[in-house]
Amino acid sequence: MNTSKRQRRWWPRSVRARAALAAALTAAVVLSGIGWWVHQEIYRQSLSVAEEKARNDLFALVDQLKQGDVPGPRRSAPYEVVATGRRTAVAAGGGMEAFDRSAGHVLPSPPALTAPVPETPDGWEYASRPLRLPDRPDYDSGGGQDLAGRTYRVLYNDIWAGQLSRQQAAALGVRPDATLRAYVVLVPDTSEEIAAAIDDKLLRAGLVGLVLIGAVAYFTVRIALRPVEAVRRFTASVTDPSERVSVPATAHEITALADTINDTLQRLDHAAAQQRRFVADAAHELRSPLTTLLTSLEVALAYPERTDWTATATTAARQTRRLQRLAEDLLLLARLDTGALTADPETVDMSALTSEVTEHHPLGARKVAVACDNTGPAHVRGNRDQLERLLRNLLDNAARHAAHRIQVTVRNEDEQVVVTVDDDGPGVPAEDAERIFERFVRLDDARSRDQGGTGLGLAIARDLAERHAGTLSLVPRTLGACFELRLPEAPAPDDAPDKDQPSSGGDAVDARTTSSVASSM
């Protein structure tokens, strides 16, 4: 890690500086590519112009030679005219005259011709090849362009002296049957100078452009990040989740960031309010049985001779059990909230589990009949103990509010296992259909505290249902309350009986099991 930090020490930490550096580097790559392309194009174009000019000079030389005129030395492009049977050049100029003419011609002599060179229809025929100019001791550039010792592309054209008159051949100083060759040297120095000048201008303009691009990127990002910095300072100073970040008027990413932070603060505010309400409700629920327990014990201790100790112990035991249930429910909710309840899932038959729970579940002091119907095995994936706790909570709620009966059904529907718990009690108003799943919520006298409820059973049941990727809801009924549990259906294990076959049991009739339990305490 230290090596990585040392290697990246050159990279700036500021977002503004990083953006400016990234923009400058990107611009440098783009401008370098453009500069290389411009250099190549300028050089090619200037070389093409130089070649066009050298070709025109060559054709002008050929025209002069065909008229028997000796070209003068003043030419823009270096040239030399040589002939067979002649040691010295016929003519030279444009810088080639710097070679001593008495020492012999510089460029090679042409092969002998016996007939005129055929001309093309446009009359613009010529040849070219690279030739190296010798570095002779007789060469003296006189401070001008140095041509010796370098290789150049040379344009040339041949002329047969036999097509000239004797007077023209004599004027040129060649034999009547000689072959003349006019050379024009294509010197790229001008093209290179032009390209170098362009390169210098491009380099200067590129450096200035890079500085401007980096500066513009730096200040643009700096201006763009001002709202982010304001949001950061505000968020760092937030002590009350009810505070909100100012949302910019323009709809851009900063607005989305401010909205997201406000949504987060709102969720934190809601969570904090819910936690405060939960703590207050828990303290209230704990204070009530503790007060009853403490009062009964203090009265018994103050008047021991007039105390019915059996009744006092019964009251203390009842309140202690209530405290125990409440503590267990609070501990379970805490574990559900933190996700601490983790166990390997298994395949559970909800039909068998529901029958078992309804058969052994205590129903309270009133005589209530419980009927459990199912249409065969109904398998789900989950934790058996948690699913049993879910069913017991639903049965506890139904037993406290039912008048005479509780109906429990299990069925498979649309790749889901549906469990319904229906009682014939006073029911739940439609406006409270969701509120009853909140913690410590009890609605009216029919669902009061003296019947043993803590207001946590349905909240725990819904949390357990959602933990198993299911839902728990209240189905509207004209009479009583009906809770519907839906869980994803799971494939049956290999050793499970086929759901199309009747379930084995003492009371199985047409693949339908019904169990009734009546309890009076």
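These numbers were taken from a predicted model, which means no experiment stands behind them. (Residues numbered from 1 in each chain as written. Predicted model: local features only at pLDDT ≥ 70, side-chain atom pairs only at ≥ 80, totals over all residues. Heavy atoms only, no water.)

(A) Geometry of the pairing of strand β9 (residues 405–413). In this sheet, β9 lies alongside strand β7 (residues 368–374) in parallel orientation, the contact comprising six bridges. From the neighbouring strand, C372 faces β9, where its bridge partner is V408. Pairing geometry for β9 and strand β10 (residues 416–423), over eight bridges, is antiparallel. Bridging across to β10, V408 finds its partner in V421. Between β9 and β10, which pair antiparallel and follow one another directly, the connecting turn spans two residues, one of which, D414, has a positive phi of 55°. (Pairing = 2+ DSSP bridges. Helix = DSSP H or I, 4+ residues; strand = E, 2+ residues; numbered from the N terminus.)

(B) Summary view of the nonpolar core. Within the largest apolar cluster, 43 residues are counted, with the highest numbers of intra-cluster contacts made by M350, L394, I406, V419, L472, F483 and L485. Here this core gets seven residues from one element, more than from any other, and that element is helix α9 (residues 384–401). Grouped together as the second largest cluster of nonpolar side chains are 24 residues, A50, V62, L65 and A169 included. (Core = buried A, V, L, I, M, F, W, Y, C linked by side-chain atoms within 4.5 Å. Buried < 20%, exposed > 50% of the residue type's maximum accessible area, 1.4 Å probe, protein only.)

(C) Region of the structure containing the packing of aromatic side chains. Counted according to the given criterion, the structure contains five aromatic pairs. On the basis of an interplanar angle of 40° and a centroid distance of 4.4 Å, the ring pair of F99 and Y139 is categorised as tilted. Taken as a pair, F99 in the loop between β2 (91–93) and β3 (127–132) and Y139 in the loop between β3 and β4 (151–160) lie far apart in primary sequence, 40 residues in all. The buried category is assigned to Y139, whose relative accessible area is 13%. Between the NZ or CZ atom of R75 and the centre of the ring of Y79, over which it lies, the distance is 6.0 Å. Its guanidinium or amino end placed over the ring of F437, R462 lies 3.9 Å from that ring's centre, counting from NZ or CZ. (Phe/Tyr/Trp six-rings, centres within 6.5 Å; stacked < 30°, edge-to-face > 60°. Lys NZ or Arg CZ within 6 Å of the ring centre and 35° of its normal.)

(D) Focus on the side chain of T312. As for its position among the elements, T312 is in helix α7 (residues 309–338). With near-sequence residues (within four places) excluded, T312 lies in contact with S296, L297, A300 and T307. (Contact = heavy atoms within 4.5 Å.)

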